[in-house]
Amino acid sequence: MPLTSFRPELLAPAGNLAKLRVALRYGANAVYLGGPTLSLRSGTGGFDRDAVAHGVELAHAAGVQVYYCLNAFPLETDLTAVRETLVMLDALPPGQRVDGVIIADPGVFALARKFLPNTPVHVSTQANTGNSAAVAFWQELGATRVNLARELTLRDLRQIRRAVPDMELELFVHGAMCLALSGRCSLSAHLNARSANKGSCTQPCRFNYRPHAQAMVLEEQLRPGDILWEVLEGEDFTAFFSPRDVCLVKYLPWLCRNRINALKIEGRMRSAAYVALACDVYRTALDDFGRGCFQPSQYLHELGMALHRPMDSGFFLPGAPAATAKRWDCLGTKTMVGHLQRQEVPGQWLTQVLDRWNAGEPVEVVLPGLRRPVLRPGEYGLENERGDSLELAHPGQRVMLRCDHPECYEDIFIRQTQSVATGRNRGTTR
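Residues numbered from 1 in each chain as written. Predicted model: local features only at pLDDT ≥ 70, side-chain atom pairs only at ≥ 80, totals over all residues. Heavy atoms only, no water.

### A word on the overall build of the chain
The number of helices and strands found in the chain is ten helices and 23 strands. Looking at the 430 residues of the chain, the share that counts as buried comes to 51%. Within the chain, counting contacts between residues at least 6 apart in sequence, those at least 24 apart form 67% of the total. Summed over all atoms, the accessible surface of the chain reaches about 19,200 Å², with 51% contributed by carbon and sulfur. (Helix = DSSP H or I, 4+ residues; strand = E, 2+ residues; numbered from the N terminus. Buried < 20%, exposed > 50% of the residue type's maximum accessible area, 1.4 Å probe, protein only. Contact = heavy atoms within 4.5 Å. Areas by Shrake-Rupley, 256 points an atom, 1.4 Å probe, with all protein chains shown as cover.)

Rendered as structure tokens:
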């Protein structure tokens, strides 16, 4: 098989309709979404019946698939809600039906096969499928795809692919890693009475902590002198439990050669700006690989400029994870400052301001394909709702962007370089 003949699906998060539209704009082949409950991301608000129907129509018009998450681990009292959700999905008209359901619990799997016999079932990463026998088990039950455990190395992935050559395999390639095994964590339930396994994780592993003794220094018994964690009294609060994000963009050629069918981006709880950037980077990387001009340093630079959490290769490489994206704090950051929402008249766009926007400085138009044309003062302008010119716009404002660039469209983002020294605009694409 030629190296460039296999094309994996780029699967993007859609926490709401706005993020779904952004994923479509920036090149996703498929999106995953969920309802208000039972989808492991209850904090997104989710999609009710009408929103699911509308989202599917938008996606299918763009040739994009839609998968519905039903991957919580329900208790007995939750089974009625599971059945009601499956009945709702089954009752959608043909043009509004989802293309698959994502499930982790065996009981929910059995119910889905009963209520949605013609809908493909994908096994969630929450099922922690880590070997070919487990993949074959799900395949025999009728699953069409398995999202493999995040704890696998490339050697594990290669062996599984060889053992089950006719099964669709999916892998998380970008986004949050979990402190627990494939997300099966009880920390949130213990501390805040909100279960991660039912979609209500408060992410206490990412909370900031501070000791009340002089210091908290931890070393492991068999590695004396090797400090694993250290928090000192008087310092700022520290998220010392928090895992780094995984970033496998550098290894896309390997994933293509080993026929991983779907590459999944984590982030239904994150912003639309994050969805835009992550989709754009991975879409461009896959297209570049197909054209024979793969440029990993460019993709990593783009991700590093966005000030996500630090990123590494997770469990993908045997041994210790490799850092993948340098953080470019010393150079300033490219911060999303505007989100184009609607064209009022030619050359005028109603725009949501996302972060401090200085109209006296150049901006970049964030176009698909990692194209970033620069607009200088005089080539664009900002006005308030009364039509008055603005020199400075603030987060939460809705302004009118005057711009004649021919490739401005709905759901395109505008960004601006911000100095890290000012302390402003950090983390806006999270």
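From this point, the discussion proceeds with the structure in view.
### Quick look at the pairing of strand β14 (residues 333-345)
Judged from the six bridges that link them, β14 and strand β23 (residues 413-418) form a sheet pairing that is antiparallel. Bridge pairing links T333 to Q418 in β23. Note that β14 and strand β15 (residues 348-353) share six bridges and pair antiparallel. In the strand pairing of β15, G338 is matched with V353. In this antiparallel pair of consecutive strands, β14 and β15, the connection spans two residues, and G347 shows a positive phi of 85 degrees. (Pairing = 2+ DSSP bridges.)

### Considerations on empty space enclosed by the protein
Tallying each qualifying case throughout the model produces three cavities of 30 Å³ or more. Taken as a whole, the largest cavity spans an internal volume of roughly 110 Å³. What lines the largest cavity is a set of 14 residues, and nearest its centre among them are R150, L171, F172, V246 and L248. Broken down by class, the residue content of the lining of the largest cavity amounts to ten nonpolar, three polar and one charged. (1 Å grid on protein atoms, 1.4 Å probe; cavity = no way out; pocket = protein on both sides within 12 Å on 5 of 7 lines; lining within 4 Å. Points joined across faces, edges and corners; volume = space filled by probe spheres on them. Nonpolar A, V, L, I, M, F, W, Y, C, P; charged D, E, K, R; others polar.)

### Examining the confidence of the model for the chain
Residues at a pLDDT of 70 or more form 78% of the chain, whose mean pLDDT is 86. Note that pLDDT drops below 50 for residues 420-430; the model gives that stretch 29 contacts with residues more than four away or on any other chain. (pLDDT = per-residue confidence, 0-100.)

### Describing the packing of helix α3 (residues 79-91) against helix α4 (residues 106-115)
The interhelical angle for the contact between α3 and α4, taken along N-to-C directions, is 30 degrees, at an axis separation of 10 Å. The hand of the α3/α4 crossing is right-handed. Facing L79, V82, R83, L86, V87 and D90 of α3, the residues of α4 in contact are V108, L111, A112 and F115. (Axes fitted to C-alpha atoms, helices over the stretch in contact; angles between N-to-C directions. Left-handed = near helix turned anticlockwise from the far one by under 90°.)

### Notes on the nonpolar core
Considering soluble globular proteins, one finds that nonpolar side chains tend to be buried as a cluster. Counting residues in hydrophobic clusters, the biggest one holds 111 residues, and the most contacted among them are V249 and W357. Ranked by residue count, the leading element in this core is helix α9 (residues 272-291), at 13 residues. Counting residues in hydrophobic clusters, the runner-up holds seven residues, among them L11, A30, I102 and F172. (Core = buried A, V, L, I, M, F, W, Y, C linked by side-chain atoms within 4.5 Å.)

### Let's talk about helix α1 (residues 17-25)
Listing the buried residues of α1 in full gives K19, L20, V22 and A23. The buried residues of α1 occupy one face: seen down the axis, they fall within an arc of 160 degrees. Where α1 starts, the residue carrying a side-chain oxygen 3.1 Å from the main-chain nitrogen of A18 turns out to be N16. Positive backbone phi, approximately 100 degrees, marks G27, located one or two places after α1. (Arc of directions from axis to C-beta. Polar contact = N/O pair within 3.5 Å; in protein donor to acceptor, adjacent residues only side chain to side chain.)

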